[in-house]
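Residues per chain, in single letters:
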Amino acid sequence: MTNSEKKGYRIANQYAAYFLTFTVVGWVDLFTRKECRNIIIQSLKYCQKNKGLILNAYVIMPSHIHLIVRAEEASKGLSSIIRDFKSHTFRELKKFILNSKKESRRDWLNIVFNYHAKYNSNNTHWQIWKQDNRPKILLHPKFTMQKIRYIHNNPVVDDIVENPEDYLYSSSRNYLDYDDTMISVTIIDFGVQEGYVFI
């Protein structure tokens, strides 16, 4: 049983749609680095192509990621995809932090991620991701729409951009039918709703 399940959050249906949050330990602003954001994008693309991930919405914030996802019926299920995604991105992010000359915070990050690993029996030396993904199943259109808006408005609320579509690392541009998006998503169709055209 994972920490999420112990706290009452669990993925009971491996093929349902869920709202998930992946958070960096200590709320470290790891994704202020373009290279780190791109590791997430490339990993999501890989999971879409090879693992059966269906990505409906996302945003990559400085210290966390929000997603609406589900798994294809032919896949091993959402929990398996999440485990593989977090393991792979952990390795790639660690490699970037320790080996790139662009990461000036290397020593500090090494201390922080070592510190958090001491309190997690699954990690010996480093921990980047919190274990708790706080999954929330999406059964109703109104709740699902609320979560999509929450995801797309995150950069606005944090004063990073003025409009949701101005933020490149989000699916807001996908939902507004922009051509230049970071990654393809499977649009959830609600029809025309208060300024959003879901197609």
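See the structure printed just above.
All values derive from a computational prediction rather than experimental measurement. (Residues numbered from 1 in each chain as written. Predicted model: local features only at pLDDT ≥ 70, side-chain atom pairs only at ≥ 80, totals over all residues. Heavy atoms only, no water.)

(A) Quick peek at the overall build of the protein. Helix and strand counts for the protein stand at six helices and six strands. Each helix (α) and strand (β) of the protein, taken in turn from the N terminus, gives the series α-β-α-β-β-α-α-β-α-α-β-β. Rg of the C-alpha trace for the protein: 17 Å, near the compact-globule value of 16 Å for 199 residues, within the 12% margin. Counting only C-alpha atoms, the protein reaches 50 × 35 × 30 Å along its principal axes. Looking at the 199 residues of the protein, the share that counts as buried comes to 48%. Relative to all contacts within the protein whose residues are 6 or more apart in sequence, the contacts with residues 24 or more apart total 66%. (Helix = DSSP H or I, 4+ residues; strand = E, 2+ residues; numbered from the N terminus. Rg over C-alpha atoms; globule rule 2.2 N^0.38 Å. Buried < 20%, exposed > 50% of the residue type's maximum accessible area, 1.4 Å probe, protein only. Contact = heavy atoms within 4.5 Å.)

(B) Region of the structure containing empty space enclosed by the protein. Applying the stated criterion across every chain, the model contains one cavity of 30 Å³ or more. Approximately 40 Å³ is the volume attributed to the largest cavity. Contributing to the lining of the largest cavity are Leu 20, Phe 22, Leu 44, Leu 53, Leu 67, Val 69, Ile 81, Ile 82 and Phe 85. Counting residues per element, the ones that place at least two in the lining of the largest cavity are β1 (18-23), β3 (64-71) and α3 (78-99). For the lining of the largest cavity, a count of residues per class yields nine nonpolar, no polar and no charged. (1 Å grid on protein atoms, 1.4 Å probe; cavity = no way out; pocket = protein on both sides within 12 Å on 5 of 7 lines; lining within 4 Å. Points joined across faces, edges and corners; volume = space filled by probe spheres on them. Nonpolar A, V, L, I, M, F, W, Y, C, P; charged D, E, K, R; others polar.)

(C) View of the pattern of salt bridges. Per the stated rule, a full pass over the model turns up eight salt bridges. In this structure, Glu 35 engages Lys 102 in a salt bridge whose closest nitrogen and oxygen atoms are separated by 3.0 Å. Here Glu 35 is found in helix α2 (residues 34-50), whereas its partner Lys 102 is found in the loop between α3 and α4 (106-117), with 67 residues between them in sequence. A salt bridge links Arg 134 to Asp 132; its shortest N-O distance comes to 3.3 Å. Residues participating in the shared-partner salt-bridge network are Arg 33, Glu 103 and Arg 105. (Salt bridge = Lys/Arg side-chain N within 4 Å of Asp/Glu carboxyl O.)

(D) The arrangement of α4 in detail. The end-to-end C-alpha distance of α4, which contains twelve residues, comes to 16 Å, matching closely the 16 Å that a straight helix rising 1.5 Å per residue would cover. For α4, the full list of buried residues reads Leu 109, Val 112, Phe 113 and Ala 117. Burial along α4 is one-sided: seen end-on, the buried residues are contained in an arc of 135°. Opposite the buried face of α4, at more than 90 degrees from it, the exposed residues are Asp 107 and Ile 111. Here the buried face of α4 lies against α3. (Expected span 1.5 Å × (residues − 1). Arc of directions from axis to C-beta.)

(E) A look at the side chain of Ser 170. Inspection of the secondary structure assignment puts Ser 170 in the loop between α5 (141-157) and α6 (172-175). On the basis of relative accessibility, which here comes to 1%, the residue Ser 170 falls in the buried class. At a separation of 3.0 Å, a polar atom in the side chain of Ser 170 contacts the main-chain amide nitrogen of Ser 172. Those residues in contact with Ser 170 that sit more than four places away from it in its chain are Tyr 58, Val 59 and His 152. (Polar contact = N/O pair within 3.5 Å; in protein donor to acceptor, adjacent residues only side chain to side chain.)

(F) Fine view of the pairing of strand β2 (residues 53-60). Summarising burial for β2: eight of the eight residues are buried, a large majority. Two elements, β2 and β3, share seven bridges in a ladder whose sense is antiparallel. Note on β3: the bridge partner recorded for Ile 54 is Arg 70. Hairpin connection between β2 and β3: a loop of three residues separates the two successive antiparallel strands. (Pairing = 2+ DSSP bridges.)

(G) Just the packing of α3 against α4, in detail. One can describe the packing of α3 onto α4 by two numbers: an axis separation of 9 Å at closest approach and a directional angle of 140°. Classified by the interaxial angle, the pair formed by α3 and α4 is oblique. In this structure, α3 meets α4 at a crossing whose hand is left-handed. In this structure, α3 uses Ile 97, Leu 98 and Asn 99 to contact α4, whose residues at the interface are Arg 106, Leu 109 and Phe 113. Partitioning the contact of α3 with α4 into residue classes produces four nonpolar, one polar and one charged. (Axes fitted to C-alpha atoms, helices over the stretch in contact; angles between N-to-C directions. Parallel < 35°, antiparallel > 145°, perpendicular 65-115°, else oblique. Left-handed = near helix turned anticlockwise from the far one by under 90°.)

Function cannot be inferred from these measures alone, as they are strictly geometric.
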